[in-house]
Amino acid sequence: MSENVKKSASGGTAKMETTATGAGTSSLLTRRTALKGLAGLGAAGAGLGAMPGFVPYIQAQSSAPIKIGFQVHRTGIGAAYGRWYDRVTTAAATLINEQGGINGRPVEIVAEDDGTDPKRGAEVVEKLATQAGCDVAYGTLFSHVVMGSAPRAGELKIPYFVVSEGHHVASGALNRWTLQPGICDVKSQVSAMAPYITSTLGKKVTMVYPDYAFGHDHRDSLVPAIQAQGGEVIAQIAIPPTETSFTKYFPQIPRDTEVLYHVMVGPAVLTFVKEMGEFFGPSRPEIFGFIDSLEATDLTNPGLEYLDGTYFWEGMPRYAQEGGPQFDAFYREKVGCDANGASVSDPKDISTYAHMFGCWETMFVIKAGMEAAGYAGPSDRQKLIEAVEAMGEMPASEMHPQGAKIFNGKTHQVFGPQYISKVEGGKLVLQHTAPIEAGMYPDEVDYTTMSF
Amino acid sequence: MDFGPYLLLASLEGAVLAAVLSLTALGLSLVFGVMRVVNVAHGEFFMLGAVASWFVATFVDETLGAPAWLGFAVALAVAPLAVGAFAWAADRLVLERVGYDPERTIVATIGLLYIVQQATLMGFGPDARPVQPPFNHRLALPWIEWGEEGLALYWPWGLSTTSYKLFVIAAAVVLLIAVWLVLSRTRLGLVMRATQFDRETAQAFGIPVDRVFAMTFAIGAGLAAIAAVLIVPIQQAHYLMGGDPLLLSFIVVIIGGLGSLRGTVLAALLIGMSDGIISVFFSPTLAKILATLLVAMVLVFRPQGLFGARPA
Amino acid sequence: MTGLMKPGALHVGVALLLLAANFLLPEYHHGAMARVLTLAVFAMGYNVMFGYAGLLSLGHALFFAAGLYGMGLPMQHLGLAAEPAFLLGIFSGALVAAVVGALALRTAGVAFMIVTLMFAQAGYLTILYFLEYTRGDEGFVIAREARTVFGLDLAAPEVRYLAAWLLFTVAMFVVLALVRSPAGRVLVAIRENEERARMLGYDVARYKLGAIVVSGALCGAAGAAYGLLFGYVGATFASVQYSILPLLWVLLGGAGTVLGPLLGATFMFYLIDLSSGITDAYMLIAGAALVALTLFAPAGLLGELRRRACPWLP
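Quantities reported herein were computed from a predicted structural model and do not represent experimental measurements.

Cut-offs used in this document
Residues numbered from 1 in each chain as written. Chains lettered and ligands numbered in written order. Predicted model: local features only at pLDDT ≥ 70, side-chain atom pairs only at ≥ 80, totals over all residues. Heavy atoms only, no water. Helix = DSSP H or I, 4+ residues; strand = E, 2+ residues; numbered from the N terminus. Buried < 20%, exposed > 50% of the residue type's maximum accessible area, 1.4 Å probe, protein only. Contact = heavy atoms within 4.5 Å. Areas by Shrake-Rupley, 256 points an atom, 1.4 Å probe, with all protein chains shown as cover. Rg over C-alpha atoms; globule rule 2.2 N^0.38 Å. Buried area = accessible area lost by both parts, 1.4 Å probe. Salt bridge = Lys/Arg side-chain N within 4 Å of Asp/Glu carboxyl O. Polar contact = N/O pair within 3.5 Å; in protein donor to acceptor, adjacent residues only side chain to side chain. Nonpolar A, V, L, I, M, F, W, Y, C, P; charged D, E, K, R; others polar. Lys, Arg positive; Asp, Glu negative; His and termini not counted. Pairing = 2+ DSSP bridges. Right-handed = clockwise from strand over helix to strand, strands pointing away. Axes fitted to C-alpha atoms, helices over the stretch in contact; angles between N-to-C directions. Phe/Tyr/Trp six-rings, centres within 6.5 Å; stacked < 30°, edge-to-face > 60°. Lys NZ or Arg CZ within 6 Å of the ring centre and 35° of its normal. Core = buried A, V, L, I, M, F, W, Y, C linked by side-chain atoms within 4.5 Å. UniProt positions renumbered as here; feature names shortened; annotations may be inferred. Parallel < 35°, antiparallel > 145°, perpendicular 65-115°, else oblique. Left-handed = near helix turned anticlockwise from the far one by under 90°. Bend = angle between axes of the 7 residues up to and from the residue.

(A) Spotlight on the overall build of chain A. What chain A contains, in helices and strands, is 11 helices and 18 strands. For chain A, the residues scored as buried account for 67% of the 452 residues in total. In chain A, the proportion of contacts linking residues at least 24 apart, taken out of those at least 6 apart, comes to 69%. As displayed, chain A has an accessible area near 13700 Å², and 55% of this comes from carbon and sulfur atoms.

Following this line, the structure appears as structure tokens:
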């Protein structure tokens, strides 16, 4: 397993690497897939008309691995997340295989980069489904890639498990084949935070968010949630997604702001948080951020000292501590993170701890679903969807280290606990755990009434 | 925040952008002026400067254990040279061989853009990596208010800048003057201007035009790299960071008049400052739409640029 | 001149070959080729302007996006049926091209490239600005039930492929007819020597504008079809990368050849698809291809073939 992790860490030259039962077979398969690619390239040069089809593995059907097609953001703006999604997925697959695989068959991860691009994303889903012969597609984070890929997954009738935290699944925009069973959506996260913000930090909230769909989901969820608690969002500052300098936006923050709510994504997040500190200087309001603003970023970076005493939403607490999720230690060790949420091999390599648990949990949902459905091959895909839809409660365990979950089969969305941490001495210290119910909201869709 | 302090803050931010932009755009403008080609990979030279700066600073600070300012200083010297050398090689290997044909050069530099970007992805990785500034202090700024007792100074909430940002502005001014001196007072500048004015005649007078071109291309890339070294302690080095500087440099060079150096600097000031100030009045996305449309309209109706005197 | 026989046979042959491919290709390549055929129409639209009229645009993502959103927005918000929405997409592409063309044609050369680039950038930002309706970069999904033409389900693999094939074939013969018509020859004359064409009494500006509008309509058709066939509308398709890609495809296949765009799009798709199995940095290969083309084969694959062996190639 450690070899796999290292391979990903070094940027991995083999794109469509396949990870199977252990480190030894893994590298063998990697070379084989790479050779296959080379052979294909040579043939392409020889004549495009005669494109070779997929070169199938020569393996007995009964012991053939279950193939999980992994749509991973290795390049593009999602790359920092993609690397850790990759590692967690590999770790989960390794553990599943150590425990005997799924229905007695080993699990194989077939990973393919989508460049964090919706067009390529759709192509990757096609490739995984029809060329690599995957049983399910899985692992997408960025919501535009999910939107671009989900229609193809639906048409190809391949179960598509996303780990995106977008509200797209539960909003009803997608289809029966797309599910999000491993991570809560933005609407749930925000609803669960609002009571804490208004009761502990203040009632006059200014929000700073990225001016694209993800940020608008935050806005559309936060404004009513704060109002429901008797508070008010007094200013909404939307920042274009490509922005690289932020100071000029901060003067729009009203002076009577009691709580500044921030969420930002992309390569410029560190600049954003630093410039916010420089703007406020010694007189800042209470600050509540989504850890997205500093995911994969070291809190001890110079310029971030002012964050001491500010609050963050965390999907799962980055720093190991008393009162954290019960099964955190087990999971942390398996995915190769130290007590600070950094890679055990490089303390400067900070993980996306608040999101990547979704990959782990989704992998085990796939396993549980396949076992419940008696999954034997692609003809059982519909049964797999129905089995996952029927899951309901998932108690906290090594398979659900972030906490207990409730899966809503109608909206295809999971709900779970949310964590609020405070920065103390350069570390995030857990303050409050919002219960599952705090993030529940009325159903907006019933996918189970839709046809397959 | 009150309107006055807001405007001051936006202007200061705009000045930092204008400083970096004028250096980057000057590089693009120089290349266009002398060589008559548009270098689409210019933003990638900017990015390479930032990445080189990270490598140098990290090496000096962490491997050699030197203080942050030394790492920055070494990067300021080394990164532009390295990027310039790379550009020189690119000119010799690619641009010269397509004979500086304007359209083929654009296509070739688009190719170069992808090559550089993706090679950086392979060697540097997809993360945004910070470089420590040599110094950085928050400076709260005062504002004047007409109070009950006449004029009074006060410190508005949030009105501040940092010493490093002021340094960036000052450094850009010094560098711009240096470039101007080189172009107007040295033999290299003379040769470059002669080549720009009339390539054939320059050649007839024994000027090695191909070497001048390679040198110009290297200097243009080096200017972008210097700008990146200056900005990277504020922002971070990232393999996709070249897109914005490229687009903005295009805008600046066009508004300023293609190939006009004075116009380029003026336009960088205009664009940089207005970027800060427009955001006071408009939604930033709308402001960007208006700015791009303005550029298109300038090219359509006033192709010599707003500050250019003669047609390009 | 070998007359009409050879070129006619060649293009009919290509159309038939692609039709036969519908029944022969394995599943993955069947789906992939449906994509490539649609994108080839985009490239053919680009080629009308670049290859024949000699106008190098860096803003064709705008025309593609005009078709995509011209089709998608009315379907999403007004419940328009797919058939009229597709026509609306073509019309949007042509209309946007007419407006951009009328303005951009006042410039030439490098300035023309940058004007088109700027218009495309403004269009991209406009899509982001009206996030309320477009959902910005996240985009929106066109419901599968709505994606039917004349009762045929466009999401079904066979129908999708044949629809893409039909679009491609129609576009191919439209372009072929255009370049072999007197108007097409005037365009080439303008590309080769604009002054002389003007002296001969041709209204150069009108011909160029005509080429731009045809180009916009083809690209709009490609955009609208892409949205309908694959069910997704998003701002990424309006970004600058999608202005560069058709240029790349056309250069690769051969500017000013009818089949070059198809060849370029196919070649590039498989180059990226296969190389992404080897390296993360698969765009490196696209970049290297661009540089190598400008250095060693500026006329592209079919252009070189025409120069060396088949001068009759249209």
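(B) Spotlight on the overall build of chain B. When its secondary structure is counted, chain B shows 11 helices and 4 strands. On C-alpha atoms alone, chain B measures out to a radius of gyration of 21 Å, which is about the 20 Å that the 2.2 N^0.38 rule sets for 312 residues. Seen along its three principal axes, the alpha-carbon backbone of chain B occupies a region of about 75 × 55 × 35 Å. Relative to its 312 residues, chain B shows a buried fraction of 56%. A sequence separation of at least 24 residues applies to 76% of the contacts in chain B between residues at least 6 apart. Accessible surface computed for chain B: about 12600 Å², of which carbon and sulfur atoms make up 69%.

(C) Spatial organisation of the interface of chain C and chain A. Contact with chain C, which involves 39 residues of that partner, is made by 49 residues of chain A. Here chain C packs against chain A, burying approximately 3700 Å² in sum over the two surfaces, 57% of which is carbon and sulfur. Among the residues chain C hides against chain A, the three largest losses belong to Y28, E138 and D280 of chain C. Together they make up 18% of the total. Between chain C and chain A we count 6 salt bridges in total. Linking chain C with chain A are 8 residue pairs in polar contact (both at pLDDT 80 or more). At the level of secondary structure, the elements contributing two or more residues to the side of chain C that touches chain A comprise α2 (27–52), α6 (131–134), β1 (140–141), α10 (204–230) and α12 (260–275) of chain C. Looking at the side of chain C that touches chain A residue by residue, the class counts come to 20 nonpolar, 8 polar and 11 charged.

(D) Structural detail: the side chain of R381 of chain A. Residues and elements named next belong to chain A. Looking at the element boundaries, R381 is found in helix α11 (residues 381–389). For the buried R381, no salt bridge is present, and the opposite-charge side chain at shortest range is D135, 5.7 Å distant. Here the side chain of R381 touches D135 through a polar contact of 3.1 Å, landing on its backbone oxygen. Look past the residues within four positions of R381 in its chain and what remains in contact with it is C134, D135, L156, K157, I158, P159, W177 and Y375.

(E) Seen up close, the pairing of strand β9 (residues 259–262) of chain A. Residues and elements named next belong to chain A. Alternating residues of β9 divide into V259 and Y261 and L260 and H262, and every residue in both groups is buried. Across 4 bridges, the pairing between strand β7 (residues 204–210) and β9 is parallel. Within β9, the position partnered with M207 by the bridge is Y261. In this sheet, strand β10 (residues 286–290) lies alongside β9 in parallel orientation, the contact comprising 4 bridges. Looking across to β10, one finds that H262 is bridged to G289. Remark: the β9/helix α8 (residues 269–280)/β10 crossover connection has right-handed handedness.

(F) Geometry of the interface of chain B and chain C. Opposite the 38 residues of chain B that make contact, chain C presents 36 residues. On the surface where chain B and chain C come into contact, there are 0 salt bridges. For the interface between chain B and chain C, the tally reads 1 residue pair in polar contact (both at pLDDT 80 or more). Elements represented by at least two residues in the side of chain B that touches chain C include exactly α3 (68–95), α4 (102–124), α9 (243–256) and α11 (284–301) of chain B. At 15 residues, the largest contribution of residues to the side of chain B that touches chain C is made by α4 of chain B. Each residue belonging to the side of chain B that touches chain C can be placed in one class, and the counts come to 29 nonpolar, 5 polar and 4 charged.

(G) Seen up close, the sheet that holds strand β11 (residues 311–314) of chain A. Residues and elements named next belong to chain A. Sheet architecture is open: 7 strands sit in the order β8-β7-β9-β10-β11-β17-β18, paired in mixed fashion. Single-partner strands in this sheet number two, and they are β8 (232–239) and β18 (427–434). Adjacent strand axes in the sheet meet at a mean angle of 25°, parallel and antiparallel pairs treated alike. Its contacts with the sheet put helix α6 (residues 186–201) on β7, β9, β10, β11, β17 (418–424) and β18, and the angle it makes with β10 is roughly 170°. Running over the sheet, helix α7 (residues 213–228) touches β7, β8, β9 and β10 and is turned about 165° from β7.

(H) Spatial organisation of the side chain of Q180 of chain A. All names here are of chain A. Counting through the fold element by element, Q180 comes out in the loop between β6 (178–179) and α6. A polar atom in the side chain of Q180 sits 3.2 Å from the backbone oxygen of G166. At a separation of 2.9 Å, a polar atom in the side chain of Q180 contacts the side chain of Q413. Residue contacts for Q180: discarding those within four places in its chain leaves V162, V163, S164, E165, G166, H168, V169, D185, F407, H412, Q413 and V414.

(I) Geometry of the packing of aromatic side chains. The final tally for this structure, using the stated rule, is 40 aromatic pairs over all chains. Seen from their ring centres, F45 of chain B and F86 of chain B are 6.2 Å apart, and the 75° between their planes marks the pair as edge-to-face. Of this pair, F45 of chain B sits in helix α2 (residues 42–63) while F86 of chain B sits in helix α3, placing them 41 residues apart in sequence. Judged by relative accessible area, F45 of chain B falls into the buried class, the value being 1%. You can call F86 of chain B partly exposed: its relative accessible area is 36%. A cation over a ring is seen here: K187 of chain A above Y441 of chain A, with NZ or CZ 4.9 Å from the ring centre.

(J) Main features of the nonpolar core. Of all hydrophobic cores here, the largest spans 227 residues; its most connected members are M35, F45 and I110 of chain B together with L18, M71, F168 and L247 of chain C. The residues contacting I110 of chain B, other than those within four sequence positions of it, are V40 of chain B together with L58, I244, L247 and L290 of chain C. Of all hydrophobic cores here, the second largest spans 112 residues; its members include I96, L201, L222 and M316 of chain A.

(K) Region of interest: the environment of S221 of chain A. Residues and elements named next belong to chain A. Among the structural elements, S221 can be located in helix α7. For S221, a relative accessible area of 10% translates into the label buried. Not counting residues within four places of it along the chain, the set of residues in contact with S221 comprises K187 and V190. For S221, the side chain forms a polar contact with the main-chain oxygen of D217, separated by 2.8 Å.

(L) Structural detail: the UniProt feature "domain: Leucine-binding protein" (unreviewed entry) in chain A. Here, the residues flagged by UniProt with the feature "domain: Leucine-binding protein" (unreviewed entry) are residues 65–426 of chain A. The distance from the first to the last C-alpha atom of residues 65–426 of chain A is 44 Å, and the span holds 36% helix and 20% strand.

(M) Quick peek at the sheet that holds strand β15 (residues 405–408) of chain A. Residue and element names in this part refer to chain A. Strand order in the open sheet formed by 3 strands is β14-β15-β16, and the pairing between neighbours is antiparallel. For this open sheet the edge positions go to β14 (393–394) and β16 (413–415), each flanked by a neighbour on one side alone. As judged from the 2 bridges shared by β14 and β15, these two strands associate in the antiparallel manner. Paired with E393 across the strands is I406, a residue of β15.

(N) A look at the UniProt feature "transmembrane region" (unreviewed entry) in chain B. UniProt's feature table lists "transmembrane region" (unreviewed entry) at residues 6–32, 44–60, 66–90, 164–183, 212–234, 246–271 and 277–301 of chain B, given in the numbering used throughout. Strand forms 0% of residues 66–90 of chain B and helix 92%; the C-alpha atoms that close the span are 33 Å apart.

(O) Region of the structure containing the packing of α6 of chain A against α7 of chain A. All names here are of chain A. Interaxial distance between α6 and α7 falls to 9 Å at its minimum, and their mutual angle equals 40°. Judged by the inter-axis angle, α6 sits oblique to α7. The handedness of the crossing between α6 and α7 is right-handed. Contacts between α6 and α7 pair V186, K187, V190, S191, A194, I197 and T198 from the former with F214, D217, H218, S221, L222, A225 and I226 from the latter.

(P) Structural context of the packing of α9 of chain B against α11 of chain B. Residues and elements named next belong to chain B. The interhelical angle for the contact between α9 and α11, taken along N-to-C directions, is 35°, at an axis separation of 9 Å. The handedness of the crossing between α9 and α11 is left-handed. Here I251, I254 and I255 of α9 come into contact with α11, specifically with T292, L294, V295, V298 and L299. Of the residues in the contact of α9 with α11, the class split is 7 nonpolar, 1 polar and no charged.

(Q) α6 of chain A, seen in detail. Residue and element names in this part refer to chain A. A bend of about 30° at M193 is the largest found in α6, and the proline P195 appears one to four places after it. Burial of α6 is extensive: 12 of the 16 residues sit out of reach of the surface. Along α6, the positions that sit buried rather than exposed are V186, S188, Q189, V190, S191, A192, M193, A194, Y196, I197, T198 and L201. Phi turns positive, to about 160°, at G202, one or two residues after α6.

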